[in-house]
Amino acid sequence: VSDRPLVLVADDDEDILALLVFRLERDGYHVLAARDGDEALALAREHRPDAAVLDVAMPGLDGIDVTRALRAELEHTKILLLTARARREDLELGLAAGADSYITKPFSPALLGWRLGELLCARA
Amino acid sequence: VASPPHRTSATPGPEREAGASAAQLEAENAELRRTIAALAEERDRLNDLFEFGAQLAAHTDVSELAEAVLEEIAGVAGAGFGMIHVRRDQQYRLAATRGFAIETVPETVEEGVQLAGEALAERRPRSTAAGPGEELCLPLVHRGKPLGVLTLLRSPAPLSGARRRTLERLLEQAAASLAQALAYAEVRRHGVVVKAVLDATRDPILMADAGGRIVLENRAAWELRRDQDPSANPVAAELARLTAPLVEAPDAYLAMFERVAEDELYAGSDEYRFVESGRSFQRYTAPVVAPGGEAVGRILVQHEVSAERESERLKDEFVALVSHELRTPLTSIMGYVETLLDGEVGALSEEQGQFLRVVDRNAERLLSLVGDLLFVANLDAGSVALDRCELDVDRLVAECVDAARPSAEGRGVELRLSGIERPAFVDGDAARLGQVVDNLISNALKFTAAGGSVAVRVRTKGETVAVEVEDTGIGIPEGEQARVFERFFRASSATARAVPGSGLGLSVARAIVEAHGGSVGVASVEGAGSTFHVELPVVRAVAA
């Protein structure tokens, strides 16, 4: 067991998922990857990650559903939402479900890493 | 008791009459009988006329009336054979016969041709010997206008003076009745034409009387309302109450009827949609105003717009879908390019870096196009929300100019900014208004050759603040200047030089500015340059 923070990332687009994994591993995190909401929730329950980066629009359980479930079970996990639609309703819904922050797609991987670091620092 | 009146000597007394001769008496009696007989004949004649008038009044149908006229007048004239021609359109057509077989008589009479035609042309009776008898043609003339002609065959015995006068009166009366029947037929014909036109119209059309009762409707209106209320002449307001629960916004649907109830001269239009069928209708109402100026009824015209609304919905759905589907691959392209450019997977050669920046720049361009498309789709759907706050226009513009400096330097175009001394604040969406200014500056740079200049100015003009972007570029032909803000429009000076663009940027800019209560405009001289300006209402100006 390392003291590096554990981050769960979930996106149904494989290329974006691979980019997220690459970026966050570069930034020194342990990364768990999920291809949909159900897998994300199962991994989170098993590994209790420090943070979760969740795409909002996923088949099955979407990012907001996962946020709601995680928030109820894992109080300490920081949640960052990725949304392709910069629609206010989606953002408000996500934040109301318990997300800590959001980034709109397309996103800068460097900015995402920085934002995540900020969230985890706030926790510490 | 009154005393008897005085007699005067001039008054003839019974004692004088007793002296008159019997022959004189006989002559006087005969005169008296003739007078009584003449009066009786006159009374009978008046009775006949009255009865004839009553009989004619019973007929509103032209051919029935023509038959009655022919029977009566042939009887009075003692004619066993006769026919009547009545005016229809520009002709006189056979309306009834007496004694003749219908196929043996002429179908039409032409004014001025043959005896009947001459009688019509001259507006007076004409007669001629015909075999053993006489052919008598009597025109029916009302207020100087010939309406028909009777042709009678009779024995040539002359008519008595009284009978001739009766005949004249009957002809006058017949002509008057015929005029009325023809007018009535014309009105009915108009009614039939109006109904046919209305029924052939697909838009439901209703007319209500002053009491709100539906008195006229076309087939489309009937088909639309029969499921709610199949009664013959429903009251419009009742029908509306029955229809309201079936539409999407019942209160808005009923609002038109409330306005109509308040103002009998109200005219206006709106749109509603049935929940179950999804059919959408635009409706328009206007009063029917009598020559005196009072409202005697009301017209309601509806026009189905279901197909238009459906295609708009599909278009919006399509654009939103495309925008979303384009953003996902763009996210990958831009994310991987950034990772490469950051040197995360190894150092890049100068050329590799340069090429990746080209990829990045074009991905950005595609992204902004997707954003514009989505914005336009939301605009059409009426769902553009502005995130407003109090904004310092000077600062907003300065940031946009700073952001454009690298691009201006790359193009060799001088970029200048002159701001205002006193800050002016507008109530606006910073991201959207920034997009507008960015768009105007990048356009100006795009159309200006190296060595030229772009000047950005901010100045207050009364209650507004204006942002002007002036360039020394290719300009816009005069005839096209008004159209550059139209969606997808591109000036010929731009397309001729193959300057890239979607034709969306300025239409989006205008939509954003107008959503803020402002206006956009352009002044340009082809070949010399263009000045675009945006004016926005100021909410707060700071004193110097």
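Scroll up a little and you will see the structure.
First things first, this report covers the structure right here in the doc.

Cut-offs and rules
- Residues numbered from 1 in each chain as written.
- Chains lettered and ligands numbered in written order.
- Predicted model: local features only at pLDDT ≥ 70, side-chain atom pairs only at ≥ 80, totals over all residues.
- Heavy atoms only, no water.
- Helix = DSSP H or I, 4+ residues; strand = E, 2+ residues; numbered from the N terminus.
- Buried < 20%, exposed > 50% of the residue type's maximum accessible area, 1.4 Å probe, protein only.
- Contact = heavy atoms within 4.5 Å.
- Areas by Shrake-Rupley, 256 points an atom, 1.4 Å probe, with all protein chains shown as cover.
- 1 Å grid on protein atoms, 1.4 Å probe; cavity = no way out; pocket = protein on both sides within 12 Å on 5 of 7 lines; lining within 4 Å.
- Points joined across faces, edges and corners; volume = space filled by probe spheres on them.
- Nonpolar A, V, L, I, M, F, W, Y, C, P; charged D, E, K, R; others polar.
- Pairing = 2+ DSSP bridges.
- Axes fitted to C-alpha atoms, helices over the stretch in contact; angles between N-to-C directions.
- Buried area = accessible area lost by both parts, 1.4 Å probe.
- Salt bridge = Lys/Arg side-chain N within 4 Å of Asp/Glu carboxyl O.
- Polar contact = N/O pair within 3.5 Å; in protein donor to acceptor, adjacent residues only side chain to side chain.
- Lys, Arg positive; Asp, Glu negative; His and termini not counted.
- Parallel < 35°, antiparallel > 145°, perpendicular 65-115°, else oblique.
- Left-handed = near helix turned anticlockwise from the far one by under 90°.

**A few points about the overall build of chain A**
Then, in step 1: If you tally the helices and strands in chain A, you get 5 helices and 5 strands.
Then, in step 2: Going from the N terminus to the C terminus, chain A shows its helices and strands as β-α-β-α-β-α-β-α-β-α.
Then, in step 3: Out of the 124 residues in chain A, the part that is buried amounts to 52%.
Then, in step 4: Long-range pairs, those at least 24 residues apart, make up 60% of the contacts in chain A between residues at least 6 apart in sequence.
Then, in step 5: When the accessible surface of chain A is split by element, carbon and sulfur atoms take 49% of a total near 5,800 Å².

**Let's talk about empty space enclosed by the protein**
Residues and elements named next belong to chain B.
Then, in step 1: For the structure on display, the rule yields 2 cavities of 30 Å³ or more.
Then, in step 2: By volume, the largest cavity amounts to about 160 Å³.
Then, in step 3: In this structure, the largest cavity is lined by 17 residues; those nearest its centre are Leu206, Leu239, Thr243, Tyr253 and Gln302.
Then, in step 4: Every element with two or more residues in the lining of the largest cavity is listed here: α6 (219–225), α7 (236–243), α8 (250–262) and β11 (295–304).
Then, in step 5: At 4 residues, α7 tops the list of elements feeding residues into the lining of the largest cavity.
Then, in step 6: Grouping the constituent residues of the lining of the largest cavity by class yields 13 nonpolar, 3 polar and 1 charged.
Then, in step 7: Roughly 60 Å³ of volume is contained in the second largest cavity.
Then, in step 8: In terms of lining, the second largest cavity is formed by Val393, Leu396, Val397, Val426, Leu433, Val436, Val437, Val467, Val534 and Leu536.

**Comments concerning the sheet that holds β11(B)**
All names here are of chain B.
Then, in step 1: Taken in spatial order, the 5 strands make up an open sheet running β8-β7-β11-β10-β9, and their pairing is antiparallel. Both outer strands of the open sheet, β8 (214–217) and β9 (268–273), are each paired with one neighbouring strand and no more. For this sheet the average axis-to-axis angle between neighbouring strands, irrespective of direction, equals 25°.
Then, in step 2: Note: strand β7 (residues 205–209) against β11, 5 bridges, orientation antiparallel.

**Describing the interface of chain B and chain A**
Then, in step 1: Taken together, the 16 residues of chain B in the interface contact 17 residues of chain A.
Then, in step 2: Between chain B and chain A, the buried area comes to about 1,500 Å², and carbon and sulfur atoms account for 58% of it.
Then, in step 3: Taken together, the connections running from chain B to chain A amount to 2 salt bridges.
Then, in step 4: Linking Glu344(B) and Arg26(A) is a salt bridge whose minimum nitrogen-to-oxygen distance equals 3.5 Å.
Then, in step 5: In this structure, the connection of chain B to chain A is made through 6 residue pairs in polar contact (both at pLDDT 80 or more).
Then, in step 6: Of the residues contributing to the side of chain B that touches chain A, the split by class is 5 nonpolar, 6 polar and 5 charged.

**Points about the layout of surface pockets**
Residues and elements named next belong to chain B.
Then, in step 1: Each pocket or cavity is described by its volume, and for the second largest pocket that value is around 610 Å³.
Then, in step 2: Lining of the second largest pocket is provided by 21 residues; of these, Arg87, Arg88, Asp89, Leu182 and Ala185 occupy positions nearest its centre.
Then, in step 3: Contributions of two or more residues to the lining of the second largest pocket are made by α3 (62–77), β1 (79–88), β2 (91–98), β6 (145–154) and α5 (161–200).
Then, in step 4: A class-by-class count of the residues in the lining of the second largest pocket yields 9 nonpolar, 3 polar and 9 charged.

**Re the side chain of Asp229(B)**
All names here are of chain B.
Then, in step 1: Examined against the element boundaries, Asp229 turns out to sit in the loop between α6 and α7.
Then, in step 2: Arg225 is the oppositely charged side chain nearest to the buried, salt-bridge-free Asp229, at an N-O distance of 4.7 Å.
Then, in step 3: A polar side-chain atom of Asp229 sits 2.8 Å from a polar atom in the side chain of Ser231.
Then, in step 4: In this view, Asp229 contacts Pro234, Leu239 and Leu242; residues no more than four positions away in its chain are not counted.

**Some words on the packing of helix α2 (residues 22–57) of chain B against α5(B)**
Residue and element names in this part refer to chain B.
Then, in step 1: The interhelical angle for the contact between α2 and α5, taken along N-to-C directions, is 20°, at an axis separation of 10 Å. Taken together, the axis directions place α2 and α5 in an arrangement best described as roughly parallel. Along this stretch, α2 crosses α5, giving a crossing that reads as right-handed. Here Glu41, Arg45, Leu49, Phe52, Gly53 and Leu56 of α2 come into contact with α5, specifically with Ala162, Arg165, Thr166, Arg169, Leu170, Gln173, Ala174 and Ser177.

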